[in-house]
2 protein chains.
Amino acid sequence: MRLTKLKTVPLQKVTIRDAFWSPRLESNRTVTIPAIYQRCEETGRIDAWKLNWKPGMPNEPHVFWDSDVAKWLEAACYSLITHPDPELRKTVDTLTDWIIRAQQPDGYINTHFTVVRPHMRWKNLRDWHELYCAGHLIEAAIAHRQATGDTRLLDALCRYADHIGRVFGRAPGQKRGYPGHEEIELALIRLYHVTGQERYRELAKYFVDERGRQPHYFDLEARERGEDPADYWAGSHEYTQSHLPVRQQREPVGHAVRGAYLYCAMADLAAEYQDRDLWQACQAIWKHLVRRRLYVHGGVGSSAANEGYTQDYDLPNETAYAETCAAIALFLWAHRMLQIARRGHYADVMERALYNNILAGVSLRGDTFFYENPLFSRGQHHRWTWHRCSCCPPNLARLLASLGQYIYSADREALYLQLYIGSEAQVRIAGVPVQVRTAVALPQEGRAELQLQPQKPCEFTLALRRPEWCRNMEVSINGRRAAIEPLLREGFVHLRQAWRPGDRIEIEFDMPVLRLQAHPAVRENCSRVALQRGPWLYCFEEADNGGPLHDLRLPARAHLQPRFESNLLGGLMTLTGTALRRDLDAWRDALYRHVPPELIETPIKAIPYYAWDNRAPGEMLVWVLSK
Amino acid sequence: MRLTKLKTVPLQKVTIRDAFWSPRLESNRTVTIPAIYQRCEETGRIDAWKLNWKPGMPNEPHVFWDSDVAKWLEAACYSLITHPDPELRKTVDTLTDWIIRAQQPDGYINTHFTVVRPHMRWKNLRDWHELYCAGHLIEAAIAHRQATGDTRLLDALCRYADHIGRVFGRAPGQKRGYPGHEEIELALIRLYHVTGQERYRELAKYFVDERGRQPHYFDLEARERGEDPADYWAGSHEYTQSHLPVRQQREPVGHAVRGAYLYCAMADLAAEYQDRDLWQACQAIWKHLVRRRLYVHGGVGSSAANEGYTQDYDLPNETAYAETCAAIALFLWAHRMLQIARRGHYADVMERALYNNILAGVSLRGDTFFYENPLFSRGQHHRWTWHRCSCCPPNLARLLASLGQYIYSADREALYLQLYIGSEAQVRIAGVPVQVRTAVALPQEGRAELQLQPQKPCEFTLALRRPEWCRNMEVSINGRRAAIEPLLREGFVHLRQAWRPGDRIEIEFDMPVLRLQAHPAVRENCSRVALQRGPWLYCFEEADNGGPLHDLRLPARAHLQPRFESNLLGGLMTLTGTALRRDLDAWRDALYRHVPPELIETPIKAIPYYAWDNRAPGEMLVWVLSK
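What you are looking at is a predicted structure, and each value in this text was computed from that prediction instead of being measured. (Residues numbered from 1 in each chain as written. Chains lettered and ligands numbered in written order. Predicted model: local features only at pLDDT ≥ 70, side-chain atom pairs only at ≥ 80, totals over all residues. Heavy atoms only, no water.)

**Here's the deal with the overall build of chain A**
Okay, so step 1: Each helix and strand in chain A was counted, giving 16 helices and 24 strands.
Okay, so step 2: On C-alpha atoms alone, chain A measures out to a radius of gyration of 25 Å, which is about the 25 Å that the 2.2 N^0.38 rule sets for 627 residues.
Okay, so step 3: Each principal axis of the C-alpha distribution contributes one length, and for chain A these read about 75 × 70 × 50 Å.
Okay, so step 4: When contacts within chain A are restricted to residue pairs at least 6 apart in sequence, those whose partners lie at least 24 apart make up 70%.
Okay, so step 5: For chain A, the separation between the mean place of its 79 positive charges and that of its 75 negative charges on side chains is 4 Å. (Helix = DSSP H or I, 4+ residues; strand = E, 2+ residues; numbered from the N terminus. Rg over C-alpha atoms; globule rule 2.2 N^0.38 Å. Contact = heavy atoms within 4.5 Å. Lys, Arg positive; Asp, Glu negative; His and termini not counted. Charge placed at Lys NZ, Arg CZ, Asp CG, Glu CD.)

**Some points on helix α5 (residues 130–148) of chain A**
Okay, so step 1: Compared with an ideal rise of 1.5 Å per residue, which puts 19 residues at 27 Å, α5 of chain A spans 26 Å between its outermost C-alpha atoms and is within 8% of the ideal.
Okay, so step 2: Taking burial as the measure, the 19 residues of α5 of chain A include 16 buried ones, the bulk of the element. (Expected span 1.5 Å × (residues − 1). Buried < 20%, exposed > 50% of the residue type's maximum accessible area, 1.4 Å probe, protein only.)

**Here we look at the domain arrangement of chain A**
Okay, so step 1: In terms of domains, chain A is made up of domain 1 (43–233), domain 2 (410–509) and domain 3 (514–626).
Okay, so step 2: The straight-line distance from the C-alpha centre of domain 1 of chain A to that of domain 2 of chain A is 40 Å. (Domains from an automatic or database assignment.)

**Observations concerning the sheet that holds strand β11 (residues 480–482) of chain B**
All names here are of chain B.
Okay, so step 1: One open sheet accounts for seven strands, arranged β2-β6-β7-β8-β14-β10-β11; its pairing is antiparallel. Unpaired on one side and paired on the other, β2 (14–16) and β11 mark the two borders of the sheet. Across this sheet, the average inter-strand angle for adjacent strands is 25°, counted without regard to direction.
Okay, so step 2: Two strands pair when backbone bridges link them, and strand β10 (residues 473–477) and β11 are joined in this way by three bridges, in the antiparallel orientation. (Pairing = 2+ DSSP bridges. Axes fitted to C-alpha atoms, helices over the stretch in contact; angles between N-to-C directions.)

**A few points about the sheet that holds strand β7 (residues 432–440) of chain A**
Note on sheets: strands pair through backbone hydrogen bonds, and any given pair is parallel or antiparallel.
Residue and element names in this part refer to chain A.
Okay, so step 1: A sheet is described by the order of its strands in space; here seven strands give the open sequence β2-β6-β7-β8-β14-β10-β11, paired in antiparallel fashion. Whereas interior strands pair on both sides, the edge strands pair on one side only; in this sheet they are β2 (14–16) and β11 (480–482). Adjacent strand axes in the sheet meet at a mean angle of 25°, parallel and antiparallel pairs treated alike.
Okay, so step 2: Two elements, strand β8 (residues 447–454) and strand β14 (residues 503–509), share six bridges in a ladder whose sense is antiparallel. Note on β14: the bridge partner recorded for Gln451 is Arg504.

**Some remarks on the interface of chain A and chain B**
Note on interface size: it is often stated as the accessible area lost on association of the parts.
Okay, so step 1: Chain A puts 48 residues into the contact, and the matching count from chain B is 49 residues.
Okay, so step 2: Summing both sides of the interface, chain A and chain B together bury roughly 3900 Å²; the carbon and sulfur share of this comes to 56%.
Okay, so step 3: Inspection of the chain A/chain B interface yields six salt bridges.
Okay, so step 4: Across the salt bridge formed by Arg523 of chain A and Glu318 of chain B, the nearest N and O atoms sit 3.8 Å from each other.
Okay, so step 5: Counting the contacts that link chain A with chain B gives 18 residue pairs in polar contact (both at pLDDT 80 or more). (Buried area = accessible area lost by both parts, 1.4 Å probe. Salt bridge = Lys/Arg side-chain N within 4 Å of Asp/Glu carboxyl O. Polar contact = N/O pair within 3.5 Å; in protein donor to acceptor, adjacent residues only side chain to side chain.)

**Points about the pattern of salt bridges**
Residues and elements named next belong to chain A.
Okay, so step 1: All chains considered together, the criterion is met by 106 salt bridges over all chains.
Okay, so step 2: Of the charged contacts in the structure, one is a salt bridge between Asp551 and Arg553, with a shortest N-O distance of 2.7 Å. The same class applies to Asp551 as to Arg553, namely buried.
Okay, so step 3: Taken together, the shared-partner salt bridges in this structure form one network comprising Glu74, Glu139, Arg190 and Arg398.

**A short note on the packing of helix α6 (residues 152–167) of chain B against helix α8 (residues 198–210) of chain B**
Residue and element names in this part refer to chain B.
Okay, so step 1: Across the interface, α6 lies against α8 with an axial gap of 11 Å and an inter-helix angle of 45°. Taken as axis vectors, α6 and α8 run oblique relative to one another. Seen along the crossing, α6 lies across α8 with a hand that is left-handed. When α6 is examined against α8, the residues Cys158, Ala161, Asp162, Ile164 and Gly165 are found in contact with a partner set consisting of Arg199, Tyr200, Leu203 and Phe207.
Okay, so step 2: Partitioning the contact of α6 with α8 into residue classes produces six nonpolar, one polar and two charged. (Parallel < 35°, antiparallel > 145°, perpendicular 65-115°, else oblique. Left-handed = near helix turned anticlockwise from the far one by under 90°. Nonpolar A, V, L, I, M, F, W, Y, C, P; charged D, E, K, R; others polar.)

**Concerning the relation of the copies chain A and chain B**
Okay, so step 1: For the pair chain A and chain B, the best superposition has an RMSD of 0.0 Å and corresponds to a rotation of 180° with a translation of 0.1 Å parallel to the axis. Look at the turn and shift together and you get a two-fold axis relating the two. (Least-squares fit on C-alpha atoms with pLDDT ≥ 70 in both.)

**A closer look at unusual backbone geometry**
Okay, so step 1: In this structure, Pro215 of chain A follows Gln214 of chain A across a cis peptide bond, with omega equal to -5°.
Okay, so step 2: For Pro215 of chain A, the position within the fold is in the loop between α8 (198–210) and α9 (217–224).
Okay, so step 3: Of note in this structure, Gln274 of chain B is not a glycine but carries a positive phi near 50°.
Okay, so step 4: When you line up the elements, Gln274 of chain B lands in the loop between α10 (256–273) and α11 (276–292).

**Some remarks on the side chain of Arg352 of chain B**
All names here are of chain B.
Okay, so step 1: When you line up the elements, Arg352 lands in helix α13 (residues 344–360).
Okay, so step 2: Overall, the relative accessible area of 9% leaves Arg352 in the buried class.
Okay, so step 3: Within polar-contact distance, the side chain of Arg352 engages the backbone oxygen of Val296 at 2.8 Å.
Okay, so step 4: A polar atom in the side chain of Arg352 sits 3.1 Å from the side chain of Gln532.
Okay, so step 5: With sequence-adjacent residues up to four places away left out, Arg352 is seen in contact with Tyr295, Val296, His297, Gly298, Asn357, Glu468, Leu516 and Gln532.

**Structural notes on the packing of aromatic side chains**
Okay, so step 1: Within this structure, the stated rule accounts for 60 aromatic pairs over all chains.
Okay, so step 2: With a centroid separation of 4.9 Å and 75° between ring planes, the pair formed by Trp286 of chain B and Trp333 of chain B is classed as edge-to-face. In this pair, Trp286 of chain B is assigned in helix α11 and Trp333 of chain B in helix α12 (residues 324–341), connecting sequence segments 47 residues apart.
Okay, so step 3: Joined through ring pairs, the aromatic side chains of Tyr108, Trp122, Tyr160, Phe168, Tyr206 and Phe207 of chain A make up one cluster.
Okay, so step 4: Geometry around Trp98 of chain A places Arg101 of chain A over its ring, the cationic atom sitting 4.7 Å from the centre.
Okay, so step 5: Between Lys205 of chain A and the ring centre of Tyr273 of chain A, over which it is positioned, the NZ or CZ distance is 5.2 Å. (Phe/Tyr/Trp six-rings, centres within 6.5 Å; stacked < 30°, edge-to-face > 60°. Lys NZ or Arg CZ within 6 Å of the ring centre and 35° of its normal.)

**Description of the pairing of strand β20 (residues 572–582) of chain B**
Residue and element names in this part refer to chain B.
Okay, so step 1: Counted residue by residue, β20 has ten buried out of eleven residues, so it is predominantly covered.
Okay, so step 2: Summarising the sheet, strand β19 (residues 561–565) and β20 pair through five bridges and their orientation is antiparallel. Bridge assignment links Phe564 to a residue of β20, and that residue is Met573.
Okay, so step 3: Hairpin connection from β19 to β20: six residues lie between these consecutive antiparallel strands, with Leu569 at a positive phi of about 50°.
Okay, so step 4: In this sheet, strand β22 (residues 599–608) lies alongside β20 in antiparallel orientation, the contact comprising eight bridges. Bridge pairing in β22 places Gly577 opposite Ile604.

This is the structure we're talking about:
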C-alpha cells in the first residue's frame, strides 16, 4: 500500500468559531503576539537584524535568536491570514525588509554568525543552531508569502536554502554535516511543496539520511575545532538523535524537541519517497513513546538535564520537564502520522498535547509563559514574562495562530474531522466545493453538529473521529441515528453517502469524568488517578482545596460534578465533590505516627490543567490519591 | 536547674555479647577496619604522611585525607581496647610515628598544606578542611592514648591545638576565623577532659561563639584571596551554619554532617558553661529536626546539592541523600542531648539512626559502603568499595568499634540503660562498684534481662529506657512485676531501691509490626506506610517480591508474620504476608487506562533495611502503599 498523506485544509479556508477556543485565539492575537514582539525588541532580537552589533555593545546576538524572531514572524503572518491588521502588517513588512537586507552576497542569513563570530560559520553544527534557525526562517517565509502574496522573503530564503545545498552534501568539497537541532528538514519539505523545487526535498532527505552515520560528523567537526569529541557536554549523540542512522532508531531519545522535529521530517519523507524503512522507524518510535514515555498531559521529555527522554516509565510529576515546545513538536509529528496512517489515535495524542500541556504554556491573559510543565508544584513554579531560552512563546503563538489548519484533512474522496473545534471550512472533495460548518458544545456539553453544503450532491466519506475519552458516541444523520460500530475503523466513524446541501450530522459524546491510572511501573502514580473529562485533564490547586494536596484521597465512588463556573478564571468547567484527607490539626507535631488520626471529609474542586497558575501561588496536583 | 551531663561508661568497662550486634562488630574488626586501611594505603593516604609528595607525582594529598586516616586510627584504637591485636597495634604504631614526624616545628600538622599548598595555610577556612582534619586527629590521639597508654601522639596534638590557639582568637594579630566544616570544637572539649587544660575548652567556646558574626569571616578571607564573596559556590552561609550566630539559630540548615557536629559542640558547651541560650538553641534545632526533617531510617539531609537540609517535610525517597556520616553525627549529637536532658526520646533517635541508616552504611560482609542512603532504589544504587569522598567508612568503623560506650550512662545515683544491646559493664554508682549483665533477646523476642552485682547492697536508680516502638513494656524485679506507669519519666522507667548482688530485672517488650505513617505534608508518602518492628525499619527488595515495588498495596488488615530466617543473609527476621498489586500481564501495553485490571494477591516479604543491597541488584522500597 502506498504511503499517501491526507491534505491539510489550509488556514485561509477555515474560520474558527468556538466557545472554548475563540477567546484563547483572540488573546493570542491581541496580547501574546504583540507581547512577544515587544520582548524581542527589548532584548535586541529585532535590532540584531540591522547587523550593526559590535563587540562591547550590549545584546550580543545569540545563536538561537533568529529562530525566535522567525517563529514570531510566522505567527504574525498566520494571524494576518485570519485577521488582516494594517498595524501588524507594517511591523511584519519592516522586519521582513531587515531580514532580506541581512542576507549576505552568498545567500547566507544569520545574525550571530554574521556579526559575532563570522569565522565560525558552519563550524559547530552539533551545538550551535545555524541550520535550525535557517529552518524557522524558511517556515516564516512560507507563511509570509501565504499571508501577503509578497515573494521577496521566500525568494531570499530560497537563495539561502540553495547556499546551504551548496555547502552540505556528498559531493567533493561539500561538508557531510547535518543539524544538531533538527528543524530545517521539515522546513525544506514544506519549501519543496511551495516552490515545486525537487532540490529542497532532496536536501531534506540528505540531512535525514546522513544523520548518525559513521565516522560521526559531530566528532569530525569537534576535532577540526581542536576539541576532543569525548568532551562533548551532552555525553552521547543520543541527545541529538544521531547515535544511529535514523532507520535503525526504535525509541525516542535525547532532547525531546529535536527528536520530534526529526520524526516529523522522517514521516514526511516516508510518504514523499515511499520509504517503508523510515515509516517503520517512525511507527516504532511512536509506539515506544506513547506506551512508555508520554505524560498524561501530552508532554514529553522527563528530565531537565537533557531537556528530554530518560528511561521507560520514568515520568516524575514535580520535576517533569515537559517543555512546551516539545509538546508542540509532538503535536506536529502526530499530525503527520495521522495524515499518513489515517488513525484517530494520532489525533487523540494531538488533542491531549494541545488541550493540556501546550495550552498551559500561556497564561489566560496571554502574556506569561511556561517553559516547563510539571504535574505537581509546591507553589514555586510560575509562568515567566520571558525566558532566557525563549523558544516556547513564539512557538505556541504560531501554533495557535494556525490552529485552523489542524481541524480537517481531506483526500480525494473523504473529509476527516480530526479535532472537535467549532469552525467553518471550505473544501473541495471529489472535485466538488463543499462548505462544512461544525458547531461544538464542548466543554459544557458533549455535542457537536456538522452541516454540509456541497455545491451539488456528491458522494464522499465523512470521517468523524471517535475520541479516546468517549466510550459511547452517537451519530445521527438528518435526525436518523446511525449504527456506528460497523462504520468504525481506526478511530474514525466513516459515513459514506451522497451528501446533499443542508445535510446535518449530529454527534453526542459520552463525556464522563475519567479516572486514569498510570502503568504500574510509573512509580509516583501508583494508587493515584488523574481526572479527565473530554480532552481536558484536570488538576487541583491549593487556591480551591488548601494543602497539602498530596494527601487528598478521592474515594473510588465519590461523585464528581462537572459544572460551568462562569465567574472563575474567565469561565471554565470545574469538577466538584467530596474527598478525604488526614486531619492536620489532629495529627499535630509528630513526623511519624503509627496510630494516625481518622480521615476527615473535605470538599474538593478540580480545574482544567491548562488554567492552573492563574491565581495566587500555591500547590498544584494532577495525580490524586485514590481511596 | 543545672545542666549536668550523665557520664559515659567507657569502652574499657563494657563488653558486648549480643546475638545481633556481635557478628556486626566482628565483621567491623576483622573485615572493615583492615579493608579501610588497605584502601587508605592504595590511594596514597598513608604515604601522604611521609611528606615526600612533589608536584607531578601521583596521589596528591587532598585537603580532607588527614581526616580519613585519623578516623581509621581512632577506629583501630577502639578496636585495640576491646580486642588486643599485636598486628593491628604495629600498624597503629607505625602510622602514629609518621603523623608525629609530620608535625612542623611550629606544631602544625596537615599533609596537604605542608606539601601541596604551604602558602595557603589557613587561607580558606570556609571550603578547605584544615580545622576539621585537626579535630579528627585530636580525637584519634585521645583514642590512641586510651588504647595504648602512650601519650606521644596526644602530646603532638596538644602542641597542634596550642598552635591553633595562637593563630585563632580575638587578640590583636590573631585571625577571627572558625572552621567551615565543624568538628574541632567537639574534639577540643574532649581534649580538655582528657588533659584538664582549660584553654582547649576555651578555644572550643571561641570557635562556637565566633561563628556567624558580622562582618562575616568567610567573606573577609574570600576578599583577602581576591575573590568576590558573592561568588561563593554554596550560595549561602547556611551551608556552614554560619548564617547567624549560633545562639540565634532555630532550625537545622546546610550541610548535615557539619551541622550535627556543631550541635554536638553546642550541647557540650551548654553543659560546660551552664549556657542556657546555647541549650535553648540546641533544643529548638533538635525539635525542628525531628518534627520536620528526619527520615524514618534516622537519616538527615535530603539533598545532594548541599549534602544537607532543604525545606520542611521535604523527604524524597529515591533522591534522599541521608549520608551515612550525617546519621552518625546525628547519633553523636543525640547522645549528648540524652546525657544532658536524660530523655529517652534522644535515645530513640540514636537507635533509629544506628539500627537503620548507619548500619546500612556497610555491607553484611563488611567491605563495601553506602555514602547515600535512599529509601527507594530502582536498582542502580549499590555500595562502593571506596568513594572519592571516603569519609563514611572510617566514621562508621569508629562508631561501631566504640559502640560499647553508648549503651549505658551513669551519674552519682543512677544507672541509665539507653540501648538494649547485650553486654556486661563495670560501673561505679554511689561509690560502689557494680557489675551489670544485660542479656537481650532482640530481634527474635522482645525480652531483656539485667543482672546486677553491686559489690555490696546499694541504693540507686536503675533507669530503663522504654523504647518508642514499644507500647507495652513489662518489668519484673526478681520475678515480681513492677507497675511501671508511675515510674515512667521522660521515657525511662526509674527503678529506685537498694540493689543486692544477684538482683534480676526482666523486661518484656511488646514488639508489634508497626505501620508508620508520615506527616501529611511529606509528599511522597501519603497513603504509604513504613514497617518497623522493634528498632528495625523494614524494606522490600525485588529479590523477594519482584517489581515494580511501588505498586504493592498492603491491606490495612493484612497479617505480617515475623520469622527468623537463619539461611537468609546470615540470619535475620523477615516479615511475610500477602499484599495486592495490579496484574502486569492483564495491564498489557497501555500507559494510561481508565478501566484498570483487578488487583491480584501476591505473597510479600520484607527484610530489615540495614540488610538491603546484599544480593542481586534490584528495586528496594521502604514506603509501601497501604490499601
